[in-house]
Amino acid sequence: MSDAERTATGGHSHHEHHEAEGPGYVTPQAAIEESERETMAYVVGLYTGTDVDAPDFLAVVDLDPDSASYCQIVDRIEMPTKGDELHHFGWNACSSSCHTEGLERRYLVVPGNRSSRIHVIDTEDREQPELVKVIEPEDVHDLDLSAPHTVHCPAGGGVMVSMLGDAEGELPGGFLTLDENLELEGRWETPGDVEMNYDFWYQPRHDVMVSSEWAAPSTYQPGFDMTDVEAGKYGHRLHFWNWEERTVAQTVDLGEEGLVPLEVRFLHSPVSTHGYVNAALSSNIFHFFEEDGEWHAEKVIDFESREHEGWDMPVPALPTDILISMDDRYLFGSNWLHGEVWMYDVSDPANPRLSDSISIGGYFGDVGSVKGRDLVAGPQMVQLSLDGERLYWTTSLYSSWDDQFFPAEAETGSVMLKADVNPRRGTMTLDEEFLVDFGDLPDGPARAHEIRWPDGDCTSDVWT
Amino acid sequence: MRVDLAWRDGRTASVSAAPDEAILDAAERADVPLPFGCRIGVCGSCTAQLREGGVEHGRPPHALKPRHLRAGYVLPCVAVPTTDCRLEVGADVPRDLVENPFV
């Protein structure tokens, strides 16, 4: 053993083992160093909300530039039933279980946000995954829950899913758990601990979990109605939970500038008490952090609304997704309505600094087509390679909201696009040769939403 | 009950609903595909507009606001015909429920 290795292992009181025995990577930096370039992606595709008589599916997308089928959807795992609205999905195990011998990152838990049906897909054959289990809506409703959203694996097996509504599609939502065999287990929290729910992320070394708020399913599912905002039916709070005790320790009200806080992202470093959330409707990014034993949230990025020629109201940017690069240096995100992907230097977490952006798609994007394919919607779900050098995104937000803001997407389907990132220079360049077209499929044009890599990504993994 | 379905592109179909059978279930039994999502009256994906006849919602139609109900919108996933009826159906009907607020 070299001196360097002795120092590295000796310095980690939390980690007795130098090597991981379970899934994932020992540290975020290990994920960067030890991972190989992503050669395929899992992307949810959907027909819910169209007249295409076909179920939603998980697409396997070839991302290997040396492959003959590069940029093509090489397999589709169809759900057993129509109407799910597949949305977000996650793994049975991630780096949080890297010391749990016997666990493997193998099963994708893929919920239907409208149907409340939860699917389990086995990726042992990663190019041809297989649907192996379905949890039916009636069993989910029996827990007085509906509308599953974010899937995370607490360390050591099992899965936790944020649920946006009760069995009637009203409030309160809550959290559902699956056991280590991915069987329905029960509720994680005490019903009523929170009213609204959306995304969550936990930082186990600080015994904290943070959750955000969208709205009741009966509010957001039929579409976005400004009268619901005026009636206070959309969320504006963050909840900081005691992770072990499963209780809300503190609620932070983001106020009018923090309407519809969606994706909550802690920095990847397990020692960090910093994170970000995108207040989509107010079009602001908030930095949240712990200081003097309390959690605080401060607006750190404010996207200005823009006037659209001939329209009555200024158009908000609608930053609908954010992520943090695995090295914790950059915050990436998308402004769905304006048509922009951006990266901010967050090396000083309280003072993000714009590094670069690409104006593409949406209402104001400079780039209106890629490889001859017209872009009919803005950038939405983003995913970054583990090495931070390739940013990919899709263009669908939610079927009913797509129909309101980008109605043409129902006819043409979504696209998946890519930018090459230079994480040393802080620059992004659109890859003009990269296009995955979800409009060109046998059953008809499909929408595309969340993207995941088979070996974990910048929004899937947590470190203990 | 006889339920006539009309799409905005001109297609039509006719299905028969058993007593207490929701319109979506009756259509599925007849292999007539309609859009749907939650099947509990919450998400609005199946929204149709009643043109003739009557229906009763077997569960509260949460997806529809009073202004939608007044305009005759119904949810086939939980709506049971009370008379023979005629509905406008298809994925473009729920798009009536909300508009782009910035335009």
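What you are looking at is a predicted structure, and each value in this text was computed from that prediction instead of being measured. (Residues numbered from 1 in each chain as written. Chains lettered and ligands numbered in written order. Predicted model: local features only at pLDDT ≥ 70, side-chain atom pairs only at ≥ 80, totals over all residues. Heavy atoms only, no water.)

(A) Spotlight on the sheet that holds strand β4 (residues 90-91) of chain A. Spatially, the four strands line up as an open sheet ordered β4-β5-β6-β7 (chain A), and their pairing is antiparallel. The open sheet has two edge strands, β4 and β7 (130-135) of chain A, and neither has a second partner. (Pairing = 2+ DSSP bridges. Helix = DSSP H or I, 4+ residues; strand = E, 2+ residues; numbered from the N terminus.)

(B) Just unusual backbone geometry, in detail. Cis geometry marks the peptide bond from L171(A) to P172(A); its omega dihedral reads 5°. Counting through the fold element by element, P172(A) comes out in the loop between β9 (159-165) and β10 (174-178). Look at L182(A): it is not a glycine, yet its phi comes out positive at around 60°. Take L182(A): it is sitting in the loop between β10 and β11 (184-187). Taking relative accessible area as the criterion, L182(A) reaches 5% and is therefore assigned buried. Phi is positive for D31(B), close to 60°, though the residue is something other than glycine. Within the fold, D31(B) resides in the loop between α1 (23-29) and β3 (48-52). (Buried < 20%, exposed > 50% of the residue type's maximum accessible area, 1.4 Å probe, protein only.)

(C) Local environment of the packing of aromatic side chains. Residues and elements named next belong to chain A. Under the criterion given, the structure shown has 34 aromatic pairs over all chains. Measuring from ring centre to ring centre gives 4.2 Å for Y202 and W243, while their planes differ by 15°; the resulting arrangement is stacked. You can see Y202 sitting in strand β12 (residues 200-203) and its partner W243 sitting in the loop between β14 (237-242) and β15 (247-253), a full 41 residues away along the chain. Looking at Y202, the relative accessible area reads 1%, which means it is buried. Ring centres 6.1 Å apart and planes at 75° place the aromatic pair W336 and F405 in the edge-to-face group. Placement of the pair is W336 in the loop between β21 (330-335) and β22 (340-345) and F405 in helix α6 (residues 399-405), with a sequence separation of 69 residues. Both residues of the pair, W336 and F405, belong to the buried class. (Phe/Tyr/Trp six-rings, centres within 6.5 Å; stacked < 30°, edge-to-face > 60°.)

(D) Up close: a negative patch on the surface. On the surface, E291(A), D292(A), E294(A) and E298(A) cluster together into a negatively charged patch. Position of E294(A) relative to the elements: it lies in strand β19 (residues 294-302). (Patch = residues over 30% accessible without salt bridge, like charges linked within 9 Å, V, L, I, M, F, W, Y side chains within 5 Å. Areas by Shrake-Rupley, 256 points an atom, 1.4 Å probe, with all protein chains shown as cover. Salt bridge = Lys/Arg side-chain N within 4 Å of Asp/Glu carboxyl O. Lys, Arg positive; Asp, Glu negative; His and termini not counted. Charge placed at Lys NZ, Arg CZ, Asp CG, Glu CD.)

(E) Region of interest: the confidence of the model for chain A. Residues and elements named next belong to chain A. The share of residues in chain A with pLDDT of 70 or more is 96%, and the mean pLDDT across the chain is 95. By mean pLDDT, the top-scoring element of chain A is strand β27 (residues 390-394) (99), and the lowest-scoring one is helix α1 (residues 3-10) (45). Across residues 6-17 the pLDDT falls below 50, and counting only partners more than four positions away or on other chains, this stretch makes seven contacts in the model. (pLDDT = per-residue confidence, 0-100. Contact = heavy atoms within 4.5 Å.)

(F) View of the interface of chain A and chain B. Residue-level contacts link 38 residues of chain A with 26 residues of chain B. Of all residues in chain A, D51(A), E168(A) and P222(A) bury the most surface against chain B, accounting for 20% of the area lost on that side. At the junction of chain A with chain B, the criterion picks out five salt bridges. R95(B) is the salt-bridge partner of D403(A), the closest N and O atoms lying 2.9 Å from each other. Counting across the interface, chain A meets chain B through 15 residue pairs in polar contact (both at pLDDT 80 or more). Listed by contribution, the elements that provide at least two residues to the side of chain A that touches chain B are α4 (217-220), α5 (226-230), α6 and α7 (409-412) of chain A. Taken together, the residues of the side of chain A that touches chain B sort by class into 14 nonpolar, 12 polar and 12 charged. (Buried area = accessible area lost by both parts, 1.4 Å probe. Polar contact = N/O pair within 3.5 Å; in protein donor to acceptor, adjacent residues only side chain to side chain. Nonpolar A, V, L, I, M, F, W, Y, C, P; charged D, E, K, R; others polar.)

(G) Seen up close, the state of the cysteines. Residue and element names in this part refer to chain A. Under the counting rule described, the total for this entry stands at zero disulfides over all chains. No disulfide involves C94; its sulfur sits 3.5 Å from the nearest other cysteine sulfur, which is in C153. No disulfide involves C98; its sulfur sits 9.0 Å from that of C94, the nearest cysteine. (Disulfide = S-S within 2.5 Å.)

(H) Layout of the side chain of E38(A). All names here are of chain A. Secondary-structure assignment places E38 in the loop between α2 (28-34) and β1 (40-46). Among the polar contacts made by the side chain of E38, one reaches the side chain of R390 at a distance of 2.6 Å. Side-chain polar atoms of E38 contact the side chain of Y392, separated by 2.8 Å. Those residues in contact with E38 that sit more than four places away from it in its chain are L63, S385, R390, Y392 and W453.

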